[in-house]
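As a plain string of letters, each chain reads:
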Amino acid sequence: MSKTVFVTGGAGFIGSNFIFHMMDKYPAYRIVCLDKLTYAGNLSTLASVLKKENFRFVKIDICDREGIYQLFEEEKPDVVVNFAAESHVDRSIEDPEVFLKTNILGTQILMDACRKFGNIRFHQVSTDEVYGDLPLDRPDLLFTEETPIHTSSPYSAAKASADLMVQAYHRTFGLPVTISRCSNNYGPYHFPEKLIPLMIANALNDKPLPVYGEGLNVRDWLYVEDHCKAIDLILHKGRIGEVYNIGGHNEMRNIDIVRLICKALDKPESLITYVADRKGHDMRYAIDPTKIHNELGWLPETRFEEGIQKTIQWYLDNREWWETIISGEYQNYYKNMYENR
Ligand code: NAD
Ligand code: DAU
């Protein structure tokens, strides 16, 4: 069976890994990547698929209603998977507005297009941050799909608002939707503003490693490929209208991650610098993935020790990718590649 799958935000971290997974596993599918190429989107990430016949890249803002409608009319997608978002909590604290536009309005426009062009299947890639945080002294508590929404940052508030809109479009208009809420991902092509790639890049450049507060906050890390496999399963076998939590049962304190990176790269822990804490900093995230395990048979396959080694090796082998980004050069990439084409 052949399908056309729209992947929004596919030039970013998880979206690109998802495109690689889908193109590898379903060679008969047509994949169309819709991405605005914000600072976080990087066309060079998609270099290995750009020339494939069953792949198309379209530079577009998901908030551009007219352009989105035109593309739906032209490509007639069977499925839309929405990764496009402003994704960095610290940026949402500095300037929330674009988070509301892209994460809420953009999601709504995509769903309007899904309704207009034939009640198209829509999957929303959401986050465990919609549940707020958990205390450090209650390791027995985990987020389930029934945990109330209780957000902290403008980023998580915008993602939660989008989730509510997705559920409203299902209940009110009968749009065939699913939502997945995942914990922290790590792996190749992770933008170096996030904890793990930032620490790897800084350590390799012998620069200070800025740990917020005391570094005691806990995140539940999942290798990105395992997240992609879970979304694939939800698309093909998930129950319409349902929310699925995705997580690796892999809770770690930030400081322990940073120490581990220092050790793996043979860098001194004296690089670690404690800096002012993030405002409203969530203490602990921990996902209970029982539902997706019981219903769809999903389990994380990559142990953290293996995943972090693979990730560190990827950053060692792909220095140009992240050095171009941190030098600001990547902004020119799109121009260089397409201006005289
Ligand atoms: P990212 O920041 O690496 O990538 C986001 C992509 O979206 C970029 O390519 C960017 O250019 C594109 N984009 C942004 N605004 C757009 C717009 N208006 N129109 C079209 N494209 C636009 O993000 P990521 O870490 O890959 O996260 C992807 C999704 O997964 C997000 O929805 C995020 O909320 C969610 N999520 C991320 C994590 C994580 O650990 N990174 C965990 C759970 C959920
Ligand atoms: O839980 C899922 C979420 O994970 C996703 O929805 C977000 O899109 C994604 O960015 C991520 O959010 P976090 O805020 O948890 O990720 P970040 O990498 O920004 O930070 C991880 C932890 O590390 C957090 O406790 C803050 C801390 N930190 C982060 C940076 C960038 C530092 O101590 N120093 C830093 O320089």
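Quantities reported herein were computed from a predicted structural model and do not represent experimental measurements.

What to know about the site of ligand 1
- Looking at ligand 1, there are 28 residues lining it, with Ile14, Asp35, Ser87, Tyr155 and Lys159 nearest.
- Contact distances for ligand 1 include 2.9 Å between a nitrogen atom and a side-chain N or O atom of Asp61.
- Side-chain polar atom of Lys159 to an oxygen atom of ligand 1: 2.7 Å apart, as the coordinates give it.
- Here ligand 1 is seated within the largest pocket.
- Going through the elements one at a time, α1 (13–25), β5 (121–127) and α5 (154–173) are the ones with two or more residues in the shell around ligand 1.
- It is β5 that provides the largest number of residues to the shell around ligand 1, a total of three residues.

So, the environment of Ile326
- Relative to the elements of secondary structure, Ile326 occurs in helix α11 (residues 319–326).
- A residue is classified by how much of its surface remains accessible, and Ile326, at 45% relative accessible area, is partly exposed.
- On a C-alpha basis, the gap between Ile326 and Trp298 in space is 36 Å, while along the polypeptide they are 28 residues apart.

Observations concerning the packing of α1 against helix α7 (residues 224–237)
- Two elements in contact, α1 and α7, have axes whose closest approach is 9 Å; the angle formed by their N-to-C orientations is 60°. The handedness of the crossing between α1 and α7 is right-handed. In this structure, α1 contributes Phe13, Ile14, Asn17, Phe18, His21, Met22 and Lys25 to the contact, and α7 contributes Val224, His227, Cys228, Lys229, Ile231, Asp232, Leu235 and His236.
- For the contact of α1 with α7, the class distribution of residues is eight nonpolar, four polar and three charged.

Here's the deal with the nonpolar core
- Grouped together as the largest cluster of nonpolar side chains are 33 residues, with contacts concentrated most on Ile68, Phe72 and Phe122.
- Of all the secondary structure elements, the ones that give two or more residues to this core are β2 (30–35), α2 (65–75), α4 (97–116), α5 and β6 (177–182).
- For this core, the element with the most residues is α4, which contributes five residues.
- Excluding its chain neighbours within four sequence positions, the residues that come into contact with Phe122 are Val80, Asn82, Thr107, Leu110, Met111, Cys114, Val166, Leu175, Pro176, Val177 and Thr178.
- By size, the runner-up hydrophobic cluster in this structure holds 32 residues, among which are Tyr189, Ala203, Val211 and Trp221.

Section: the packing of helix α6 (residues 195–204) against helix α10 (residues 304–317)
- As a packed pair, α6 and α10 sit with axes 11 Å apart at the nearest point and diverge in direction by 50°. With respect to α10, the axis of α6 lies oblique. For the pair α6 and α10, the sense of crossing is right-handed. Taking contact as the criterion, the partners of Ile196, Pro197, Ile200 and Leu204 in α6 are, on α10, Ile308, Thr311, Ile312, Tyr315 and Leu316.
- The residue makeup of the contact of α6 with α10, split by class, is eight nonpolar, one polar and no charged.

Quick look at the pairing of strand β11 (residues 243–246)
- In β11, alternate side chains face the same way, and those of Val243 and Asn245 on one face and Tyr244 and Ile246 on the other are all buried.
- Pairing geometry for β6 and β11, over four bridges, is parallel. The residue of β11 that forms the bridge with Cys182 is Ile246.

A look at the site of ligand 2
- Thr127, Asp128, Tyr155, Arg278 and His281 are the nearest of the 24 residues found near ligand 2.
- Glu129 is positioned such that a nitrogen or oxygen atom in its side chain is 2.8 Å from an oxygen atom of ligand 2.
- One of the side-chain nitrogen or oxygen atoms of His281 is found 2.7 Å away from an oxygen atom of ligand 2.
- Burial of ligand 2 by the protein amounts to 94% of the accessible area it has alone, namely 690 Å².

Some points on the side chain of His227
- Here His227 is to be found in helix α7.
- The class of His227 is buried, set by a relative accessible area of 1%.
- The residues touching His227, leaving out its near neighbours within four places in the chain, are Ile14, Val125, Cys182, Asn185, Leu222 and Ile246.

Calculation criteria
- Residues numbered from 1 in each chain as written.
- Chains lettered and ligands numbered in written order.
- Predicted model: local features only at pLDDT ≥ 70, side-chain atom pairs only at ≥ 80, totals over all residues.
- Heavy atoms only, no water.
- Near = heavy atom within 4 Å.
- Polar contact = N/O pair within 3.5 Å; in protein donor to acceptor, adjacent residues only side chain to side chain.
- 1 Å grid on protein atoms, 1.4 Å probe; cavity = no way out; pocket = protein on both sides within 12 Å on 5 of 7 lines; lining within 4 Å.
- Sits in = over half its atoms within 2 Å of the grid points.
- Helix = DSSP H or I, 4+ residues; strand = E, 2+ residues; numbered from the N terminus.
- Buried < 20%, exposed > 50% of the residue type's maximum accessible area, 1.4 Å probe, protein only.
- Axes fitted to C-alpha atoms, helices over the stretch in contact; angles between N-to-C directions.
- Left-handed = near helix turned anticlockwise from the far one by under 90°.
- Contact = heavy atoms within 4.5 Å.
- Nonpolar A, V, L, I, M, F, W, Y, C, P; charged D, E, K, R; others polar.
- Core = buried A, V, L, I, M, F, W, Y, C linked by side-chain atoms within 4.5 Å.
- Parallel < 35°, antiparallel > 145°, perpendicular 65-115°, else oblique.
- Pairing = 2+ DSSP bridges.
- Areas by Shrake-Rupley, 256 points an atom, 1.4 Å probe, with all protein chains shown as cover.

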